[in-house]
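# Notes for the structure review
Now for the letters of each chain:
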Amino acid sequence: MQTITLGGVEISRVVEWHGPISPTTAVFPSTTPRMWKENESWLAPDFWQPEHDEMFVNVQTWVLRSEGRTVLVDTGLGNDKDRPHMTGWSRLRTDYLDRLAAVGVRPEDVDVVVNTHLHSDHVGWNTRLVDGEWVPTFPRATYLIAKADFDFCDPANDHPRRGMLGDLSVAAAGGDMFEDSVAPVHRAGRAVLWEDGYRIDAALSLEPAPGHTPGSAVLRLASGTDRALFIGDLVHSPLQIAEPDCDTCLSEDQREATRSRRRILEEAADTRALVFPGHLPGHGAAEVRREGGKFAIERWAAFGPSGPESG
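Cut-off values and rules
Residues numbered from 1 in each chain as written. Predicted model: local features only at pLDDT ≥ 70, side-chain atom pairs only at ≥ 80, totals over all residues. Heavy atoms only, no water. Pairing = 2+ DSSP bridges. Helix = DSSP H or I, 4+ residues; strand = E, 2+ residues; numbered from the N terminus. Contact = heavy atoms within 4.5 Å. Axes fitted to C-alpha atoms, helices over the stretch in contact; angles between N-to-C directions. Salt bridge = Lys/Arg side-chain N within 4 Å of Asp/Glu carboxyl O. Buried < 20%, exposed > 50% of the residue type's maximum accessible area, 1.4 Å probe, protein only. pLDDT = per-residue confidence, 0-100.

So, about the sheet that holds strand S13 (residues 217-223). Judged by pairing direction, the sheet is mixed, and its seven strands sit side by side in the order S11-S12-S13-S14-S15-S16-S17 without closing on themselves. A strand with exactly one partner marks an edge of an open sheet, and here the two such strands are strand S11 (198-199) and strand S17 (294-300). Alignment of strand S15 (residues 274-277) against strand S16 (residues 286-291), held across two bridges, turns out to be antiparallel. Bridge assignment links leucine 274 to a residue of S16, and that residue is glutamate 287. Against the sheet, helix H11 (residues 254-271) engages strand S12 (204-208), S13, strand S14 (226-232), S15, S16 and S17, with an angle of about 100° to S16.

This is the structure:
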């Protein structure tokens, strides 16, 4: 099953890409082998392959149907995007639009696109290549982009970035991403650059959760008695639920990212909200509980555990 319903909101998962991205020691420099080994029983095999110390991720979109509108949360990698520093993600030719169609969504059906932050694996299908030009993939949609991220990532502003994970960080946050996947929707008049917060409808609202990027955001769902939090890259691996002070080397401000992660996980535990990280394979989302000063998985969401093969 790749669709569940919370209150009056239907949620479907569309996976564009699944595979290993890097050894955990590179992505999570503050973790120790012991942390991973102690959690092997539930991290392997969906999230971590111990034999090669490989971290597995999905690149995926959450499709929300709320109050008669279709909302996409993040748009994956995209086709034809030049990512020379991440060859596995460069010039892809995936069937992403067919996968959207399989859950009943055509490009013209999309009303709102939420980019939780501006990294290349969250904005790629914002645009597609038509006659040599990048044009909005979803021609009727309003693209919601945090102004803090837009300004930070705009190459014209020449903001310095902290040293991150070499090629992977360049592929995620480089200027190519802005020019081919962000600037075109802004020039087309489809982007809304929001600050402080943004309400999409009675059930869905955006709020800042900075750290991973200056404009990283959380999409909050509250419908009936059900609650959910779509948290982007506040969590890359479920190990960060058990060890919430461990951040990735991909964050612009690791301390602020950790503060945002703890705040959101505390809220999730207190309200029994399902947590939807951007990249989790397996069941994709989870309810969490407090466990001392840390957190644990109370239950997994009902999404099916399998995803497509890499590429």
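On to the pattern of salt bridges. Pairs can form between side chains of opposite charge whenever their charged atoms are close. Summed over all chains, the structure comprises 21 salt bridges. With its nearest N and O atoms 3.0 Å apart, the salt bridge here joins aspartate 270 to arginine 290. In this pair, aspartate 270 sits in helix H11 while arginine 290 sits in strand S16, placing the two residues 20 residues apart along the sequence. A relative accessible area of 42% means that arginine 290 is categorised as partly exposed. Several salt bridges share partner residues, and in doing so they unite Glu207, Arg220, Arg263 and Glu267 into one network.

In terms of residue burial, S13 counts as a mostly covered element, since five of its seven residues are buried. As paired strands, S12 and S13 are joined by five bridges and run antiparallel to one another. The residue bridging serine 205 from the neighbouring strand is arginine 220, located in S13. Here five bridges tie S13 to S14, and the two strands are oriented antiparallel to one another. Paired with leucine 219 across the bridge in S14 is phenylalanine 230.

Per-residue confidence for the chain gives a mean pLDDT of 92, with 92% of residues at or over 70. Of all secondary-structure elements in the chain, the lowest mean pLDDT belongs to helix H7 (residues 166-173), at 50, while strand S6 (residues 112-114) reaches the highest, 99. Ignoring residues within four places in sequence, the model shows residues 163-167, a span with pLDDT below 50, making twelve contacts including any to other chains. A low-confidence stretch, residues 307-311 stays under pLDDT 50, and its non-local contacts, those more than four residues away or across chains, total ten contacts.

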